[in-house]
Amino acid sequence: MEQKSLFKENFKMLRTEQGLTQKQLADLMRISYKTVSHWETGYTEPSIAQLIAIADFFHLSLDELVGREENRRLFPRKNRAVACVCRGKGSACVCGALF
């Protein structure tokens, strides 16, 4: 999946998770509701400054917002096995641990 579509899906999910309409989020962010709609449909993308503001608003990293890193709120890691490589004798290893 391309990054643009991950952003639009994450953005809409974050808004709805907070129980906000497009208009309410737009008012809080001081942008138009059409801008919110365009971001959610992928018609346009936010600028870097806007991405930072969105990430700050939802308390996320930019990587989580655009889908480069899993958003722990959107994609909880419960019951997901962790794969790791143990690095030799005496190193701490959590292979097979569950979050």
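A short tour of the structure in this document, coming up.

Rules of the game
Residues numbered from 1 in each chain as written. Predicted model: local features only at pLDDT ≥ 70, side-chain atom pairs only at ≥ 80, totals over all residues. Heavy atoms only, no water. Axes fitted to C-alpha atoms, helices over the stretch in contact; angles between N-to-C directions. Helix = DSSP H or I, 4+ residues; strand = E, 2+ residues; numbered from the N terminus. Parallel < 35°, antiparallel > 145°, perpendicular 65-115°, else oblique. Left-handed = near helix turned anticlockwise from the far one by under 90°. Contact = heavy atoms within 4.5 Å. Nonpolar A, V, L, I, M, F, W, Y, C, P; charged D, E, K, R; others polar. Buried < 20%, exposed > 50% of the residue type's maximum accessible area, 1.4 Å probe, protein only. Arc of directions from axis to C-beta. Patch = residues over 30% accessible without salt bridge, like charges linked within 9 Å, V, L, I, M, F, W, Y side chains within 5 Å. Areas by Shrake-Rupley, 256 points an atom, 1.4 Å probe, with all protein chains shown as cover. Salt bridge = Lys/Arg side-chain N within 4 Å of Asp/Glu carboxyl O. Core = buried A, V, L, I, M, F, W, Y, C linked by side-chain atoms within 4.5 Å.

In the contact formed by helix α2 (residues 22-29) and helix α3 (residues 33-41), the axes pass within 8 Å of each other and the chain directions differ by 115°. As the angle between them shows, α2 and α3 are arranged roughly perpendicular. Between α2 and α3 the crossing geometry is right-handed. Across the interface between the two elements, Gln22, Lys23, Leu25 and Ala26 from α2 touch Tyr33, Val36, Ser37 and Glu40 from α3. When the residues that make up the contact of α2 with α3 are grouped by side-chain class, the tally is four nonpolar, two polar and two charged.

Turning to helix α4 (residues 48-57), a few remarks are in order. Helical geometry note: an α-helix holds 3.6 residues per turn, so side chains three or four residues apart project in the same direction. What α4 keeps buried is the set Leu51, Ile54 and Ala55. Viewed along the axis of α4, the buried residues span an arc of 100°, placing them on a single side of the element. Those residues of α4 that are exposed and angled more than 90 degrees off the buried face are Ala49 and Asp56. Just beyond α4, the residue with positive phi is histidine 59, at close to 55°.

On the surface, a nonpolar cluster with roughly 270 Å² of combined accessible area is contributed by Ile48, Ile52 and Leu62. Position of leucine 62 among the secondary structure elements: in helix α5 (residues 62-66).

As a further point, take the pattern of salt bridges. For the coordinates displayed, the defined rule picks out three salt bridges. Notably, a salt bridge pairs arginine 15 with glutamate 40, separated by 2.4 Å at the nearest N-O pair. With arginine 15 in helix α1 (residues 3-17) and glutamate 40 in helix α3, this residue pair connects regions lying 25 residues apart in the sequence. Judged on exposure class, the residue arginine 15 and its partner glutamate 40 are both buried. Salt-bridge contacts for aspartate 63 lead to arginine 68; the nearest nitrogen and oxygen are separated by 3.1 Å. Judged by its relative accessible area of 32%, aspartate 63 falls in the partly exposed class.

Take the nonpolar core next. Inside soluble globular proteins, nonpolar side chains tend to come together where they are buried. If you look at the biggest cluster of nonpolar residues, it comprises 16 residues, and the most contacted ones within it are Phe7, Phe11, Leu25, Ile54, Phe58 and Leu65. Secondary structure elements with two or more residues in this core: α1, α2, α3, α4 and α5. If near-sequence neighbours (up to four positions away) are discounted, isoleucine 54 is found in contact with Phe7, Phe11, Met29, Trp39, Pro46 and Leu65.

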